[in-house]
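# Notes for the structure review
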Amino acid sequence: RELGFLTGEEGRTMLDAHTRAAVLVGRPFADGEQPYDFGKQTISKRVTGDVQTMLRERLTPPRKEIYSLHRRLNGCFQLASRVGARIRARE
């Protein structure tokens, strides 16, 4: 709530979608995943359903800064995926 993603009134479906998306996006930074093979990642495809849930069920839009952060992070994932990068993302 403090970051402006949620109001506290969201249902279980919305909370679960946020949790799944956060875990997926954090996976390249997990200790056991190093170096992370972005060329084989399926994060973008897997998070799509959760994003649809968030758009459908959100009670408040994220702050403008969050949209910018999401676009940048997605761009980094896509670029690393296209070039088949293996990165020690945790470091």
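You'll find the structure just up there.
Residues numbered from 1 in each chain as written. Predicted model: local features only at pLDDT ≥ 70, side-chain atom pairs only at ≥ 80, totals over all residues. Heavy atoms only, no water.

### Comments concerning the layout of surface pockets
By volume, the largest pocket amounts to about 920 Å³. Around the largest pocket, the lining is made up of 26 residues, and of these Val25, Val47, Val51, Met54 and His70 lie nearest the centre. Where the lining of the largest pocket is concerned, the elements lending two or more residues are α1 (12–26), α2 (43–57) and α3 (64–82). Considering every element that reaches the lining of the largest pocket, the biggest residue donor is α3, with eight residues. Partitioning the lining of the largest pocket into residue classes produces 17 nonpolar, seven polar and two charged. (1 Å grid on protein atoms, 1.4 Å probe; cavity = no way out; pocket = protein on both sides within 12 Å on 5 of 7 lines; lining within 4 Å. Points joined across faces, edges and corners; volume = space filled by probe spheres on them. Helix = DSSP H or I, 4+ residues; strand = E, 2+ residues; numbered from the N terminus. Nonpolar A, V, L, I, M, F, W, Y, C, P; charged D, E, K, R; others polar.)

### What to know about the side chain of Glu10
Relative to the assigned elements, Glu10 resides in the segment before α1. Judged by its relative accessible area of 11%, Glu10 is buried. A polar contact of 2.8 Å, which involves the side chain of Glu10, links it to the backbone nitrogen of Thr7. Of note is the side chain of Glu10, whose polar atom sits 2.9 Å from the backbone nitrogen of Gly8. (Buried < 20%, exposed > 50% of the residue type's maximum accessible area, 1.4 Å probe, protein only. Polar contact = N/O pair within 3.5 Å; in protein donor to acceptor, adjacent residues only side chain to side chain.)

### Points about unusual backbone geometry
Cis geometry is adopted by the peptide bond preceding Pro35, which originates at Gln34 and carries an omega value of -10°. Tracing the sequence through the fold places Pro35 in the loop between α1 and β1 (36–37).

### Some thoughts on the packing of aromatic side chains
Enumeration over the complete set of coordinates arrives at two aromatic pairs. Judged by centre distance (4.9 Å) and plane angle (75°), the ring pair of Tyr36 and Phe38 falls under edge-to-face. Both rings, one in Phe38 and one in Phe77, keep their centres 5.4 Å apart while their planes meet at 90°; by these two values the pair is edge-to-face. Here Phe38, found in the loop between β1 and α2, pairs with Phe77, found in helix α3; they are 39 residues apart in sequence, far enough to count as distant. According to the relative accessible area criterion, Phe38 is buried, its value standing at 6%. (Phe/Tyr/Trp six-rings, centres within 6.5 Å; stacked < 30°, edge-to-face > 60°.)

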